Structure formats: C-alpha cells, structure tokens
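Listed here are the chains, written in short residue letters.
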Amino acid sequence: EAAKSGALVGGLITGVIKGGVEVDIEGLRAFAPASGMDLHPSQANFLALLGQRLDFKVVQYEGQGRDVVVTRRPMLEAEAHERRKHALTLLTEGQVMKGVVRTVVEWGAFVALPEAENLEGLVHASEVSHDARARITDLLAHGDEIEVQITKIDDKGKIWLSRKALLEDPWGEAKEKYKTGSRHRGKVAKLEEFGAFITLEDGVDGLLHVADLSFNRVEHPDKVLTLGQDVDVVVHHFDTRTKRIALH
C-alpha cells in the first residue's frame, strides 16, 4: 500500500552492507541504497545510523516482499532545501566570510561557507587573484581555508564569491613606480620563445621580448638568460588597462 500511495513507513536500521543499509520494517527486510540515505554518500558515516528508527518511502516492492527498496532522499532534499532557504537569509552581498575549498576546476573553485550551513559558492578564476596569468590550481587546493567576499546572490540562490576583493592589488601603485624609462632589477620567472617574463615584485611581472634582449639576434631567450637570474631592465611601456609592462 505504501509503495502505491507514497505514504511513509517507519523502519529500524539493522545493518550496513555494500552500497547501503538494511532496514527492518515490522519484520520485513528492506534495502536502502547509500544515495537514498545521504545527499553526500561518499562522505557519510552509516555506522552511526545503526539502531535508529526513521521514516522511509517505499520505491520498490516485488516478490511478495522479498525485494523491497526504500529511500529517505525526498525527505533529505526537502530538509536541505529548507536549510538552504534559511541560510540564504543569513547572507548579504558584500559580506566577508571564512570558506573551505571543496573543488577546484580550471574556471573556478567551489567554496563551502561553514557559517551558512556549508552552502557552496563559486569563486570564478578571474576572482582568485590580481595576477591574470596565475593558474588557479597553483593558488587553491581542496581543503584550503580562505576568506571570501560575497559579490552576488542571484535569483536562483547561486552565490558568487571573490577572493581577489580581499587582497591588496600589487598594481595599485605600480603605475607610479614603474614609469616609462625607469630602471629596475628583476628576476627571470619564465622563458618562452617570444621572450622572458621578469618578476619586478610579487604579483607584478613584465615581458622582455626576445627582440629587446640584445643588439644581436637571439633565437631563444634561454641563449642569454636562465630561470631565477637577476637582470637589469628599463620600462618601455606600461598598459594600465591590461596590466602589462613591456621591458627592454
């Protein structure tokens, strides 16, 4: 009857087996798959549920009771939805919170907010650092604790976060410091066929084009430079819009 009507039935969790748990429903053995017992089954501790009596929904009843499958997923999703609605009321745009990095992909990082029911927000790759050339996988990893600022909560409840907003922009004073014609000492950070990237200070690199390495023709920067080498350079051009510095 419960399988037909969708009514909930009470069951006692009696064992943890491969892929889920065993449930006793008034003497009848049923199986509840892991995905029906927790929204994040890979992180769940099902042993802690042993001996608990919970409500279940019957999703399969066959073989006159020899093959019964039950689930708690609809209830879990409803509870999670209510928790999310409540947690969203605790958040405002511009708010600064502590977060824990859950997943890092090429285009961003998903960060959980422990102070808001562990709701997850996205830090887009462009909001991780002021250095546009920095790779997100070099800056963030699973489990990292970081501070983030809520930049937007859209109509669907998606949360957009920024790490960059809380970091001092090294380019803020760079325009005055690295004026055209000024001389500086930098360190070779990267060698490419077209030139060498020179680190002038943390977060501020300039490009020394291969044609500007020497009065003589140079086939590749590694013919005259090595990684980590200190080199004296002159600022040829500073593009404030793209934050690029051309060096000689």
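A brief look at the structure comes next. Sequence positions are assigned chain by chain, starting from 1 and proceeding in written order. Per-residue local features of the predicted model are confined to residues with pLDDT of at least 70, and side-chain atom pairs are confined, for both listing and counting, to 80 or more; whole-chain, interface and lining totals are unaffected and use all residues. Working from all heavy atoms in the structure, the side-chain values ignore hydrogens and water.

## Structural notes on the sheet that holds strand 14 (residues 230-239)
Here's step 1: Taken in spatial order, the five strands of this closed barrel run 11-12-13-15-14, and their pairing is mixed. Mean inter-strand twist for the sheet, computed between neighbouring axes without regard to direction, equals 50 degrees.
Here's step 2: Any two strands between which DSSP finds at least two bridges are classified as paired. A run of H or I in DSSP counts as a helix once it spans at least four residues, and a run of E counts as a strand once it spans at least two, with each numbered from the N terminus. Relative to strand 12 (residues 195-201), strand 11 (residues 183-192) runs antiparallel, the two sharing five bridges. The partner of Val188 across the bridge, within strand 12, is Ile198. For helices, the fitted axis covers only the stretch in contact; all axes are lines through C-alpha atoms, and the angles between them, taken along N-to-C directions, range from 0 to 180 degrees.

## Looking at the pattern of salt bridges
Here's step 1: Just to be clear on terms, a salt bridge is a Lys or Arg side-chain nitrogen sitting within 4 Å of an Asp or Glu carboxyl oxygen. Enumeration over the complete set of coordinates arrives at 10 salt bridges.
Here's step 2: As a salt-bridge pair, Glu22 and Arg29 come within 2.8 Å of each other at their nearest N and O atoms.
Here's step 3: According to the relative accessible area criterion, Glu22 is partly exposed, its value standing at 22%.
Here's step 4: Exposure categories follow from relative accessible area, calculated using a 1.4 Å probe and restricted to protein chains: below 20% of the type maximum is buried, above 50% is exposed, and the middle band is partly exposed. Its relative accessible area of 46% is what places Arg29 among the partly exposed residues.
Here's step 5: Linking Asp230 and Lys187 is a salt bridge whose minimum nitrogen-to-oxygen distance equals 3.0 Å.

## Focus on the nonpolar core
As a rule of thumb, soluble globular proteins bury nonpolar side chains together.
Here's step 1: Nonpolar core, defined: a set of buried Ala, Val, Leu, Ile, Met, Phe, Trp, Tyr and Cys residues in which side-chain atoms within 4.5 Å join the residues together. Tyr178, Ile198, Leu200, Leu208, Leu225, Ile245 and Leu247 are the most contacted members of the largest nonpolar core, which totals 19 residues.
Here's step 2: Where this core is concerned, the elements lending two or more residues are strand 12, strand 13 (204-209), strand 14 and strand 15 (244-247).
Here's step 3: Of all hydrophobic cores here, the second largest spans 18 residues; its members include Leu91, Val123, Val128 and Ile150.

## Description of the sheet that holds strand 7 (residues 108-113)
Here's step 1: On the basis of which strands lie adjacent, the closed barrel formed by five strands has the order 6-7-8-10-9 and mixed pairing. Neighbour-to-neighbour, the strand axes of this sheet turn through a mean angle of 50 degrees, independent of strand direction.
Here's step 2: Examined bridge by bridge, strand 9 (residues 145-153) and strand 10 (residues 159-162) share four bridges and lie antiparallel to one another. Bridge pairing in strand 10 places Ile150 opposite Leu161.

## Thoughts on the packing of aromatic side chains
Here's step 1: Under the pairing criterion, centres of Phe, Tyr and Trp rings, with the six-membered ring standing for Trp, must be within 6.5 Å; the plane angle then separates stacked pairs below 30 degrees from edge-to-face pairs above 60, leaving the rest tilted. Tallied over the full model, the rule gives two aromatic pairs.
Here's step 2: A centroid spacing of 5.8 Å and a plane angle of 85 degrees characterise the contact between Trp107 and Phe110, whose relative ring orientation is edge-to-face.
Here's step 3: Overall, the relative accessible area of 27% leaves Phe110 in the partly exposed class.
Here's step 4: With a centroid separation of 6.1 Å and 85 degrees between ring planes, the pair formed by Phe194 and Phe197 is classed as edge-to-face.
Here's step 5: Classification of Phe194 by relative accessible area gives partly exposed; the value is 40%.
Here's step 6: On the basis of relative accessibility, which here comes to 14%, the residue Phe197 falls in the buried class.

## Looking at helix 2 (residues 73-88)
Here's step 1: One less than the number of residues in a helix, times 1.5 Å, gives the span that helix is expected to have. Spanning 16 residues, helix 2 covers 22 Å between terminal C-alpha atoms, matching the ideal 22 Å at 1.5 Å per step.
Here's step 2: Whether two residues are in contact is decided by their heavy atoms, any of which lying within 4.5 Å being enough. On its buried face, helix 2 sits against strand 1 (8-17), strand 4 (53-62), strand 5 (67-71) and strand 8 (119-124).

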